Amino acid sequence: MQAWFERVSELFQIAFVSGDRWKLYISGLGTTLEIAFLAAILGLIIGTIVALMKLSTNRRGKKSIWARIANVYIDLIRGTPSVLQLLIMWFIIMKSCKNGVLVAVLSFGINSGAYVAEIVRAGILAVDKGQTEAGRSLGLSKTQTMIYIILPQAIKNVLPPIGNEFIVLLKETAIVGYVSLTDLTRTASQISSRTYEAFMPLIGAAVIYFVIIKILTVLLDKLERRLRKSDNR
Amino acid sequence: MIIVKDLHKKFDDNHVLRGVNYHVHQGEKIVVIGPSGSGKSTFLRCLNLLETPTSGEIWFDGQLITDPKVNIDKVREHMGMVFQNFNLFNNLSIMDNITLAPVKLKLMEKDEAKEKALSLLERVGLKEKADSYPSQLSGGQKQRIAIVRSLAMNPRVMLFDEPTSALDPEMVGEVLDVMKELAESGMTMIVVTHEMGFAREVGTKVLFMDEGVIMEENTPAEFFNNPKSQRLQDFLSKVL
């Protein structure tokens, strides 16, 4: 028992303490969070715009040219692996850019936007059509009706799937090792190959991801409950 | 005030309106009745272009509003509409429901709109609900608020699309009372309804729609006591 305990403590020392390795995890986590956070915001902006494009109609109530463009974007993004999109962004489109984080944020943001667009579109369509009709019948324009009446109600509908998307995005950033960025996953794998001990670094990284996502989940739950409450005032 | 010429509306293969012609004068209270699927709601919704007519003309105050170049938002400012399902904005308080359009369309200052809203709310007996939310109100209260919301725009005509059909029977009266009072104040009204008592009492003209056309049109007394077409006689014998 004593021997086992000493062995674990030694492994822990190697994985986290000696050479101040814990600082590497922190810096890796920082990169992960930075990319995930900025990409989530970019994805939200792109997704909302694309959702509105996809819902736009022309005078005769048919799909507008904007809706067609939105469809092509969504098809392209959802039809290809995100690792490949990241590699294409890094080695082809932004070849001359040396800022890896920027490339990753753009790549993940554009990727996430396609999924967010469908979520937001569903959220808007779930708002009763009568709300739009009432707004328009009062003389409000399409845009005014959307901003003051439909979007505030759509936000409540989209919160659970958007939370889902954020969680997926956060974990998806683990692939940035492909373009030589040192995020949390890359850090763990580098340390395990340097120390020839895989257990502690990998399990440690997993625990960190888990805790971060648990915190995110709790925050999203709180926000959702607050928005629901305003429904029954 | 409103002139409708040879109005047609098709939903894909479904030919709902098959040539409606009518002339509404200032101050008239037109009540439209007919079996479901007769096109009466579609007719009403075409008047403020919530449905785009397939063909035909609609003139409002001398303006051809079916012309694609017309700014329909401007036209709708002058046409109030009340829906079967109330359609109050769920995310806004009663006060904001009423003041949103006049303020955002820059027709009134915020304070002025609030004052107007309060006096209208008082008129329908719901002043104390100004800070409530739609989910806290009964159906009858919601519909009275919906009427107030339209009136806050100072419309020249009010369209009612089966305003009491979604209400519990005990709440129908309070909404009809508000509509009667509105009629007495001289408002031009077009009402699609199944309330025959209201048609008889308040209407200046009653229209019977069936199969996408206006089959019969008359003063309430003649309409109910002396129906001419066989179709209307059958309909009345079922509903009265």
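Attention in this report is confined to the structure presented alongside it. In this text, all values refer to a predicted model and were calculated from it rather than measured experimentally. (Residues numbered from 1 in each chain as written. Chains lettered and ligands numbered in written order. Predicted model: local features only at pLDDT ≥ 70, side-chain atom pairs only at ≥ 80, totals over all residues. Heavy atoms only, no water.)

1. Things to note about the overall build of chain A
- Along its length, chain A carries 9 helices and 0 strands.
- Relative to the globule expectation of 17 Å for 233 residues, the C-alpha radius of gyration of chain A, 22 Å, shows a markedly less compact shape.
- Dimensions of chain A, computed from C-alpha atoms along their principal axes, come out at roughly 80 × 50 × 25 Å.
- Within the span of chain A, comprising 233 residues, buried residues form 42% of the whole.
- A fraction of 70% describes how many contacts in chain A between residues 6 or more apart in sequence connect residues 24 or more apart.
- Only carbon and sulfur atoms are counted for the fraction: they give 67% of the accessible area of chain A, which is about 13100 Å². (Helix = DSSP H or I, 4+ residues; strand = E, 2+ residues; numbered from the N terminus. Rg over C-alpha atoms; globule rule 2.2 N^0.38 Å. Buried < 20%, exposed > 50% of the residue type's maximum accessible area, 1.4 Å probe, protein only. Contact = heavy atoms within 4.5 Å. Areas by Shrake-Rupley, 256 points an atom, 1.4 Å probe, with all protein chains shown as cover.)

2. Here's the deal with the interface of chain A and chain B
- Each partner contributes residues to the interface: chain A has 21 residues there, and chain B has 26 residues.
- Taken together, the two surfaces of chain A and chain B that pack against each other cover about 2100 Å², and 52% of this comes from carbon and sulfur.
- Joining chain A to chain B, the criterion identifies 2 salt bridges.
- One salt bridge connects A:Glu133 with B:Arg45, and the closest N-O pair in it is separated by 2.7 Å.
- At the boundary of chain A with chain B, the tally comes to 7 residue pairs in polar contact (both at pLDDT 80 or more).
- For the side of chain A that touches chain B, the per-class residue count stands at 6 nonpolar, 9 polar and 6 charged. (Buried area = accessible area lost by both parts, 1.4 Å probe. Salt bridge = Lys/Arg side-chain N within 4 Å of Asp/Glu carboxyl O. Polar contact = N/O pair within 3.5 Å; in protein donor to acceptor, adjacent residues only side chain to side chain. Nonpolar A, V, L, I, M, F, W, Y, C, P; charged D, E, K, R; others polar.)

3. So, the sheet that holds strand β4 (residues 55-60) of chain B
Residue and element names in this part refer to chain B.
- If you walk across this open sheet you meet the 4 strands as β2-β1-β4-β5, and the pairing is antiparallel. Sheet topology places β2 (14-24) and β5 (63-64) at the edges, where each strand pairs with a single neighbour.
- As paired elements, strand β1 (residues 2-11) and β4 share 5 bridges and run antiparallel to each other. Looking at β4, one finds that Ile-2 is bridged to Phe-60.
- In this fold helix α1 (residues 40-47) packs onto β1, β2 and β4, with an angle of close to 120° to the strand it touches most, β1. (Pairing = 2+ DSSP bridges. Axes fitted to C-alpha atoms, helices over the stretch in contact; angles between N-to-C directions.)

4. Section: the pattern of salt bridges
- Within this structure, the stated rule accounts for 22 salt bridges over all chains.
- Close ionic contact of A:Glu118 with A:Lys54 constitutes a salt bridge, the shortest N to O distance being 3.4 Å. Here A:Glu118 is found in helix α5 (residues 100-125), whereas its partner A:Lys54 is found in helix α2 (residues 22-55), with 64 residues between them in sequence. A:Lys54 carries the same exposure label as A:Glu118, and that label is buried.
- Across the pair B:Asp73 and A:Arg136 runs a salt bridge, and its minimum N-O distance is 3.0 Å. With B:Asp73 in helix α2 (residues 72-76) and A:Arg136 in helix α6 (residues 129-137), the pair connects residues from two separate chains.
- Salt bridges sharing common partners tie together A:Lys129, A:Glu133, B:Arg45 and B:Glu51.

Interpretation in functional terms is not warranted from these geometric data alone.
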